[in-house]
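Single-letter residue listing:
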Amino acid sequence: MAETFRADMLQGKVAFVAGASSGINQRIAERLATAGAKVAMISRSEEKIGLAAEKIREQGGDALGMAADVRDYDSVAATLKKARDHYGEIDIVLSGAAGNFVAPALGMSANGFRTVVDIDLNGTFNVLRAAFEHLKKPGASLISITAPQAVKPQIYQAHVCAAKAGVNMLTRCLAMEWGPAGVRVNAVSPGPIGDTEGMARLAPTPEIEANYKAQLALREFGTKDDIADTCLFLCSDAGRYITGTIIDCDGGTALGDASSDALSRPE
Ligand code: HXC
Ligand code: NAP
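These numbers come from a predicted model, not from an experiment.

J.: Would you mind showing me how to read the environment of Ile246 here?
T.: Position of Ile246 among the secondary structure elements: in strand β7 (residues 246-249). Looking at Ile246, the relative accessible area reads 22%, which means it is partly exposed. For the pair Ile246 and Glu58, spaced 188 residues apart in sequence, the C-alpha separation works out to 33 Å. Setting aside chain neighbours within four positions, we find Ile246 in contact with Thr146, Asn168, Thr171, Ala187 and Ser189.

Structure (structure tokens):
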């Protein structure tokens, strides 16, 4: 057990992280690199992903930043091939690219709905499907970033709820199909994470933020490190027998409203 959790536990491994130019996924890429993995990373913006990769290299890691839109299968496939040519077979794939905006269903055009489903769900399929031929088999670990909205409906989030529910089911289907090849497929579901674009969009004022926290069992937002550590555990040898699972790292979000006034207290 002690051997599993050594500081360089991903030494010699190759990781591919989609949506890694900012926020939670960027922190995951950094954590994988600190643990010894060589990290290929993509996002739409060549400049942003280049800077994110450069930051890892400045900290002594090995990273390659490439531009690709996860909605474009051929472009994603080309970056996966480049990653494999550059670093060798891929051990870890993290699919976390996502888009969100707050809007009622009636304030959403068909293109608005489709855009989020295309990035979150179809993009995840594209990344995982295109990765398969480049994976180290047996032994590869695939992780998608989902959200509590996959199981907990939320107003003004119809697109995200539908897309992330699809990500959860895709995770379980691929785990069944690819398990026999020695490929594990899991997802991590972050709750509200502080200092992220996601929460800046969902909780834009201190009042809304306080409401969110009051409903959480743990009463506080999580951190990007909470999610990075969960992913590190999952893709390490410590997670070698885990597949088809959605791990909630969400402060209790998926449990429901835990505010003290959710029910009147018995006297
Ligand atoms: C209604 C909107 C809208 C809004 C965009 N659209 N914003 N509709 N209300 N606020 C509509 C547009 O009008 C357009 O439809 C369609 O969506 C596509 O918009 P584009 O701007 O052309 O799309 P694109 O450039 O591809 O950008 C995608 C995006 C954008 C999702 C709209 O916000 C983005 O790039 N987001 C990436 C960053 C991000 O969202 N991070 C947060 C991830 S957190 P029409 O019909 O006009 O053409 C997350 C949280 C999960 O996922 C849960 C957290 C707890
Ligand atoms: P973020 O900083 O906006 O990260 C999204 C990333 O995806 C960015 O690097 C963005 O980079 C990239 N991206 C967006 N569209 C893309 C596309 N079409 N192709 C390729 N890359 C694309 O958001 P975040 O808040 O950290 O969220 C990260 C993940 O956690 C998402 O999957 C989100 O759903 C999930 N999540 C977040 C929270 C939260 O509290 N923040 C809670 C639950 C789940 P470019 O702009 O450079 O393309």
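Moving on, there is more to tell.
J.: Help me out: how do you make sense of the site of ligand 2 in this one?
T.: Near ligand 2 there are 31 residues, and of these Ser21, Ser22, Ser43, Arg44 and Gly96 occur at the shortest range. Ser45 places a main-chain nitrogen or oxygen 3.4 Å from an oxygen atom of ligand 2. Within the complex, 91% of the 880 Å² of free accessible area of ligand 2 lies under protein. Of all the elements in the fold, those that place two or more residues in the shell around ligand 2 are α1 (23-34) and α6 (197-202). Each residue belonging to the shell around ligand 2 can be placed in one class, and the counts come to 13 nonpolar, 12 polar and 6 charged.

J.: Sorry, what's going on with helix α4 (residues 110-131) here?
T.: Helical periodicity: at 3.6 residues per turn, an α-helix aligns residues three or four positions apart in one direction. Counted at 1.5 Å a residue, the expected span for α4 with its 22 residues is 32 Å, and the 29 Å between its end C-alpha atoms agrees. Taken as a whole, α4 carries its principal kink of about 40° at Asp118. Within α4 the residues assigned to the buried category are Gly112, Val116, Val117, Ile119, Asp120, Gly123, Thr124, Asn126, Val127, Leu128, Ala130 and Ala131. Looking at the buried positions of α4, the neighbouring elements they touch are β1 (14-18), α3 (73-87), β4 (92-95), β5 (141-145) and α5 (158-178).

J.: Would you take a moment to explain the site of ligand 1 for this structure?
T.: Contacts to ligand 1 come from 18 residues, most closely from Arg44, Asn100, Ser109, Asn111 and Arg201. With respect to ligand 1, the side chain of Arg71 contributes an N or O atom lying 2.9 Å from an oxygen atom. Here Asn100 contributes a backbone N or O atom positioned 2.9 Å from an oxygen atom of ligand 1. When contributions to the shell around ligand 1 are tallied by element, the ones reaching two or more residues are α4 and α6. When residues in the shell around ligand 1 are grouped by element, the largest group, 4 residues, is from α6. Considering only residue class, the shell around ligand 1 consists of 5 nonpolar, 9 polar and 4 charged.

Definitions and limits used
Residues numbered from 1 in each chain as written. Chains lettered and ligands numbered in written order. Predicted model: local features only at pLDDT ≥ 70, side-chain atom pairs only at ≥ 80, totals over all residues. Heavy atoms only, no water. Helix = DSSP H or I, 4+ residues; strand = E, 2+ residues; numbered from the N terminus. Buried < 20%, exposed > 50% of the residue type's maximum accessible area, 1.4 Å probe, protein only. Contact = heavy atoms within 4.5 Å. Near = heavy atom within 4 Å. Polar contact = N/O pair within 3.5 Å; in protein donor to acceptor, adjacent residues only side chain to side chain. Areas by Shrake-Rupley, 256 points an atom, 1.4 Å probe, with all protein chains shown as cover. Nonpolar A, V, L, I, M, F, W, Y, C, P; charged D, E, K, R; others polar. Expected span 1.5 Å × (residues − 1). Bend = angle between axes of the 7 residues up to and from the residue.

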